[in-house]
Amino acid sequence: MSAKNSATTMTLPSEREIVMTRIFNAPRELVFKAYTDPEVIPQWWGLRSATTTVDKMDVRPGGVWRFVQQDTQGNEFAFNGEYREIVPPERLVNTFEFEGMPGHIIVDTAIFEAQPNGTTRLTVTSRFASLEDREGMLQSGMEGGANETWDRLAEYLAQGA
Amino acid sequence: MARLATTADVFNAVAEPQRRQILTLLAGGERSVNEIVEALVLKQPQVSKHLRVLKQVGLVRVRGAGQQRLYQLNGAGLKPMHDWVGTFEHFWHESFDRLDEYLQEVQKKEKHDVGKE
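Residues numbered from 1 in each chain as written. Chains lettered and ligands numbered in written order. Predicted model: local features only at pLDDT ≥ 70, side-chain atom pairs only at ≥ 80, totals over all residues.

Caption draft 1: Representation of the overall build of chain A in the model. When you go through chain A residue by residue, the secondary structure sums to four helices and eight strands. Taken from the N to the C terminus, the helices and strands of chain A come in the order β-β-α-α-β-β-β-β-β-β-α-α. A total of 161 residues make up chain A; the buried ones form 21% of that total. Summarising the internal contacts of chain A: among those between residues at least 6 apart in sequence, 32% fall at separations of at least 24. (Helix = DSSP H or I, 4+ residues; strand = E, 2+ residues; numbered from the N terminus. Buried ≥ 20, exposed ≤ 12 C-beta atoms within 10 Å, placed from the backbone. Contact = placed C-beta atoms within 7 Å.)

Caption draft 2: Structural context of the sheet that holds strand S2 (residues 60-65) of chain B. Residue and element names in this part refer to chain B. Reading across the sheet, the three strands line up as S1-S3-S2 and stay open at both edges, with antiparallel pairing between neighbours. Since the sheet does not close on itself, it has two edges, and those belong to strand S1 (31-32) and S2, each with one partner. Sheet topology note: the S1/strand S3 (residues 68-73) ladder contains two bridges and is antiparallel. Bridging from a neighbouring strand, Arg31 pairs with Tyr71 of S3. (Pairing = 2+ DSSP bridges.)

Caption draft 3: Examining the packing of helix H2 (residues 17-27) of chain B against helix H4 (residues 44-56) of chain B more closely. All names here are of chain B. Relative to each other, H2 and H4 sit at 75°, their axes nearing to 10 Å. Classified by the angle their axes make, H2 and H4 are roughly perpendicular. Taking contact as the criterion, the partners of Gln18, Arg19 and Ile22 in H2 are, on H4, His50, Val53 and Leu54. (Axes fitted to C-alpha atoms, helices over the stretch in contact; angles between N-to-C directions. Parallel < 35°, antiparallel > 145°, perpendicular 65-115°, else oblique.)

Caption draft 4: Molecular detail of the packing of H2(B) against helix H3 (residues 33-40) of chain B. All names here are of chain B. Packing of H2 against H3 leaves a shortest axis separation of 11 Å and a crossing angle of 110°. With respect to each other, H2 and H3 are oriented roughly perpendicular. The element H2 and its partner H3 pack so that their crossing is right-handed. For the pair H2 and H3, contact is made by Gln21, Ile22 and Leu25 and by Ile36, Ala39 and Leu40, respectively. (Left-handed = near helix turned anticlockwise from the far one by under 90°.)

This is the structure:
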């Protein structure tokens with residue numbers, strides 16, 4: 001994070017969840033549009049050093065999206081998912097999968113909140129699902145009091161770094 | 001973000017709650033299988049199975065001490081996960097910075113266009 005733009009906060013509130021919050025100095029209709037308009041996506045989505053192309057973007061429940069990022073060396077990194085819930089201009093739920101790591105499917109829930117001063121608070125909760133859930137199901141009945149949190153895991157991560 | 005084997009990677013290894021319990025316990029120091037069984041009130045074959053998975057992905061190391069085998073946490077084994085979380089964070093920080101810039105730009109343009117009418 002640069003000092004200029006330390007406006008995004010990231011927290012690990014529970015097992016399998018990452019929450020990012022950011023205040024945008026714009027009305028929420030505009031922020032929601034930026035999220036759901038294929039013409040706008042390439043202007044902000046992804047790393048600055050790469051170019052984003054919208055391959056598919058069918059913004060309706062069950063609709064598929066696929067964005068491709070191409071870096072300066074020509075390497076392509078593709079991401080895809082499915083839209084699950086669309087409530088303009090408040091809420092957007094979609095899945096997210098990096099094709100380089102198939103099977104690790106994340107469910108993203110974006111909440112757009114209008115602030116009294118005309119700004120918008122965006123809260124994106126990324127919930128890790130799929131293989132984890134599948135394993136969780138296989139292990140259910142044995143799980144009992146499993147209550148480790150990502151915060152605890154983050155401590156290991158820090159040790160391992 | 002390199003492609004990882006989906007059957008035996010660090011992500012799957014730590015996705016299982018009992019394996020996280022074992023990692024938490026080992027964070028406090030090395031333990032034998034029996035000590036893990038007792039501390040976590042799990043069955044011995046289960047613990048052995050989990051330790052095998054954790055060892056396979058490099059999250060724990062084992063050493064022999066007399067008759068015993070002692071397991072210890074290998075923090076470095078979590079690096080792929082740490083890297084991934086770091087990449088994830090970086091990706092969204094940068095995207096949101098860009099979104100912020102776009103929103104400022106488009107609002108400036110709107111104001112300008114309204115002014116022209």
